[in-house]
Amino acid sequence: MDGFDKLISDFDRMSNNAEELNGDHEVSFKELFTNDFLNKYTAFKTSSDFLKAIPIDNVKSFDDLDNPAVDEIINKNSQFSSFTEMKNNAVKFYALNSLSNGTSFDIH
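Treat the numbers as computed from the prediction; the structure is a model and nothing was measured. (Residues numbered from 1 in each chain as written. Predicted model: local features only at pLDDT ≥ 70, side-chain atom pairs only at ≥ 80, totals over all residues. Heavy atoms only, no water.)

A. Broad picture of the environment of F29. Its location among the elements puts F29 in helix α2 (residues 29-32). A relative accessible area of 17% means that F29 is categorised as buried. Apart from residues lying up to four places away in sequence, F29 is in contact with S47, F50, L51, F62 and L65. (Helix = DSSP H or I, 4+ residues; strand = E, 2+ residues; numbered from the N terminus. Buried < 20%, exposed > 50% of the residue type's maximum accessible area, 1.4 Å probe, protein only. Contact = heavy atoms within 4.5 Å.)

B. Region of the structure containing helix α5 (residues 68-77). Along α5, the residues classified as buried are V70, D71 and I74. End-on, the buried residues of α5 take up no more than an arc of 100 degrees, which puts them together on one face. In this structure, α5 carries P68 and K76 as exposed residues pointing more than 90 degrees from its buried face. Measuring from the backbone nitrogen of A69 back to the side-chain oxygen at the start of α5 gives 2.9 Å, which picks out N67 as the cap. (Arc of directions from axis to C-beta. Polar contact = N/O pair within 3.5 Å; in protein donor to acceptor, adjacent residues only side chain to side chain.)

C. Examining the nonpolar core more closely. Core analysis: the largest hydrophobic core is formed by 16 residues, its most contacted members being F33, F37, F50, I74, F83 and M86. Among the secondary structure elements, those contributing two or more residues to this core are α2, α3 (35-41), α5 and α6 (83-100). Ranked by the residues each element gives to this core, the list is headed by α6, at 4 residues. When near neighbours in sequence (up to four residues on either side) are disregarded, F37 contacts L32, T42, F80, M86, N89, A90 and F93. (Core = buried A, V, L, I, M, F, W, Y, C linked by side-chain atoms within 4.5 Å.)

D. Main features of the side chain of D71. Within the secondary structure, D71 is located in helix α5. Despite its burial, D71 remains without a salt bridge, the nearest opposite charge being carried by K87 at 10.0 Å. Contact partners of D71, with chain neighbours within four places excluded, come to S81, S82 and F83. (Lys, Arg positive; Asp, Glu negative; His and termini not counted. Salt bridge = Lys/Arg side-chain N within 4 Å of Asp/Glu carboxyl O.)

Encoded structure:
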């Protein structure tokens, strides 16, 4: 396969990936806050490290993390000023990685 054929194949794969992303999806905390995302944008190495730093017991949903105490931890340990900003960027990171899955494009 030459370079042009590989590019066409990658674009076809991205098109299929985009179709799979279409619509509403539930994404787990670990799927959204991957080690790759955390290592790139925060001082946390894993989602477990991130959760340990959060001053909330028994986090049940993303809404539990949307508060000033969590925002302060995120502001001190990441490029983000709030959980909402961090979550929005994690969604973008997730979508870009999902689109490029199975292609030669490297989103990291």
